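Now for the letters of each chain:
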Protein chains: 2
Amino acid sequence: MHRTKVRVVEDALDANTTLAQANRADFDRSGVMVVNLMSAPGAGKTMLLQKVLTDMEGVRVGVLEGDVQGSLDADRLSHLHIPVVQIQTDNGFGGECHLDANMVRSALHELPLDDIDLLIIENVGNLVCPAEFKVGEDVRIMVASVTEGEDKPVKYPLMFRACELVICNKIDLLPHLDYDLELFKHHLDGVHPGVETMFVSARTGEGTEQLRRYLIDLATRRKAEAAAG
Amino acid sequence: MHRTKVRVVEDALDANTTLAQANRADFDRSGVMVVNLMSAPGAGKTMLLQKVLTDMEGVRVGVLEGDVQGSLDADRLSHLHIPVVQIQTDNGFGGECHLDANMVRSALHELPLDDIDLLIIENVGNLVCPAEFKVGEDVRIMVASVTEGEDKPVKYPLMFRACELVICNKIDLLPHLDYDLELFKHHLDGVHPGVETMFVSARTGEGTEQLRRYLIDLATRRKAEAAAG
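Predicted model, so just to flag it, every value in this text is computed and none were measured.

(A) Region of the structure containing the side chain of aspartate 67 of chain B. As for its placement among the helices and strands, aspartate 67 of chain B is situated in strand E2 (residues 61-67). Overall, the relative accessible area of 3% leaves aspartate 67 of chain B in the buried class. Engagement of the side chain of aspartate 67 of chain B in a polar contact is seen with the side chain of lysine 155 of chain A, the distance being 3.5 Å. Side-chain polar atoms of aspartate 67 of chain B contact the side chain of glutamine 86 of chain B, separated by 3.2 Å.

(B) Quick look at helix H8 (residues 208-227) of chain B. All names here are of chain B. Helix length check: H8, at 20 residues, gives a terminal C-alpha distance of 29 Å against a target of 28 Å (1.5 Å per residue), a fit within 8%. Among the residues making up H8, those that are buried are Thr208, Leu211, Arg212, Tyr214, Leu215, Ile216, Leu218, Ala219 and Arg222. Trailing H8 by a residue or two, glycine 229 shows a phi angle of about 80°, which is positive.

(C) Fine view of helix H4 (residues 101-108) of chain B. Residues and elements named next belong to chain B. Taken as a whole, H4 has its buried residues at Ala101, Met103, Val104, Ala107 and Leu108. Angularly, the buried residues of H4 cover 165° about the axis, an arc narrow enough to put them on a single face. Where H4 is buried, its residues contact helix H1 (15-30), E2, strand E3 (84-88) and strand E4 (118-122). For H4, the N-terminal cap is aspartate 100; the gap from its side-chain oxygen to the backbone nitrogen of asparagine 102 is 3.1 Å.

(D) Representation of the interface of chain A and chain B. Of the residues lining the interface, 33 residues belong to chain A; the matching set on chain B comes to 33 residues. Where chain A touches chain B, the interface holds six salt bridges. Note that arginine 203 of chain B and aspartate 178 of chain A form a salt bridge whose closest N and O atoms lie 2.9 Å from each other. Between chain A and chain B we count 14 residue pairs in polar contact (both at pLDDT 80 or more) in total. Those elements that place two or more of their residues in the side of chain A that touches chain B are helix H3 (72-78) and helix H5 (152-155) of chain A. The class makeup of the residues in the side of chain A that touches chain B is 14 nonpolar, seven polar and twelve charged.

(E) Fine view of the environment of valine 63 of chain B. All names here are of chain B. Residue placement: valine 63 occurs in strand E2. Each C-alpha atom, one on valine 63 and one on isoleucine 120, is 4.8 Å from the other, the two residues being 57 residues apart in sequence. Once residues lying within four places of it in the same chain are set aside, the contact partners of valine 63 are Leu49, Leu53, Leu77, Ile82, Pro83, Val84, Val85, Leu111, Leu119 and Ile120.

(F) Region of interest: unusual backbone geometry. Residues and elements named next belong to chain A. Even without being a glycine, glutamate 57 presents a positive backbone phi close to 50°. You can see glutamate 57 is positioned in the loop between helix H2 (45-52) and strand E2 (61-67). Phi at histidine 81 takes a positive value of approximately 55°, unusual for a residue other than glycine. Counting through the fold element by element, histidine 81 comes out in the loop between H3 and strand E3 (84-88).

(G) A look at the sheet that holds strand E7 (residues 196-199) of chain B. Residues and elements named next belong to chain B. What the seven strands build is an open sheet, ordered E3-E2-E4-E1-E5-E6-E7; its pairing is parallel. What marks the edges here is a single partner per strand, and that holds for E3 and E7. Going from strand to strand, the sheet's axes swing by 20° on average, the running direction of each strand aside. The strands that helix H7 (residues 181-191) touches are strand E5 (139-145), strand E6 (165-169) and E7; relative to E6, the one it contacts most, it runs at about 160°.

Definitions and limits used
- Residues numbered from 1 in each chain as written.
- Chains lettered and ligands numbered in written order.
- Predicted model: local features only at pLDDT ≥ 70, side-chain atom pairs only at ≥ 80, totals over all residues.
- Heavy atoms only, no water.
- Helix = DSSP H or I, 4+ residues; strand = E, 2+ residues; numbered from the N terminus.
- Buried < 20%, exposed > 50% of the residue type's maximum accessible area, 1.4 Å probe, protein only.
- Polar contact = N/O pair within 3.5 Å; in protein donor to acceptor, adjacent residues only side chain to side chain.
- Expected span 1.5 Å × (residues − 1).
- Arc of directions from axis to C-beta.
- Contact = heavy atoms within 4.5 Å.
- Salt bridge = Lys/Arg side-chain N within 4 Å of Asp/Glu carboxyl O.
- Nonpolar A, V, L, I, M, F, W, Y, C, P; charged D, E, K, R; others polar.
- Pairing = 2+ DSSP bridges.
- Axes fitted to C-alpha atoms, helices over the stretch in contact; angles between N-to-C directions.

This is the structure in structure tokens:
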């Protein structure tokens, strides 16, 4: 008697995870290191990029901009003379409050992946849903602004837990706020113990050198991995 | 021949709209004026309420607090000795980034509606989805903080369009920011011409008297309507 071998597919993935893996495979083929950059609206993601991406020591950077509408941030970054592609979640994606793997995938053909070492995906400003949708990234960075108050890690724990680096921005405003930096650190430690943190001001440039170094090192690591086969 | 009259139901509503109307009917029965208060995370909704709700000249206020997790804001408001009910969207609602009519409905039995003149529903901090879900409110107020930048009306137009009042908060920080108030007004006028605006600082109290007056007038109007039958 001939028995057909039945293969059981376990761990069936949801569509987003499947598409995120497809993106990941494309990024790997082209040797691109990918960062998913997340924050609340107005925390300063774009200004941080404007500050940091001016001198990347030969690392070729591309940016994928996620917004509900408009292309204001993409326009600001276009001055850097790097490839910038805008995704509008309102346009065909129902006005979504986050990027997902499918939206990122729909934009990949607009990016010269083979000519990029580091792709930064600037997500829609939102502290909830972006953390729930992987898009194929290597690293997740979130930006918290001191003007948002110290309690945000407690109120939006998934976001602060789902990232490898937390950047605390707008520290130039600390003298003018009733903001307790130690309390923020305490809350952050409660939801994500030991996560790497940076305290910066995109406006004055304070601390941004550390982020520039971090991004350059990320891309260099990927290049070294590719060279090692 | 007997003909059965077929009644065609037009304008079938989605579940959220149906539930919002059910909430609305309950609010009307109890003569409650309802405000849906929305903003990005950390724009200062709770601190504004703490400032304004201390003296409401006899208007009986209740608050429904929406958060993904925790009850920090509800705890802060409990000092006001008014009915405060917390909805956690993470708890049974899948970690939603907004309140919807069903979540509000599930909390209504916790509120003494007949003993309240004004119910303030503090939504989850988010500039996208809260604007898409009516919960049975009369008025929508959104709070924008000057620390978020002038471009937010252009990036999140639905939110700025879906409200009757835009409160621009944290104006005490203006001397320390590169923020162009006229540019913000220009952007706001582009997406919602003529919308009522207030410029306030919850921290210093500047301008908050105007909001207190606005809320008292809202509740008084509802009482007068109820008295007139």
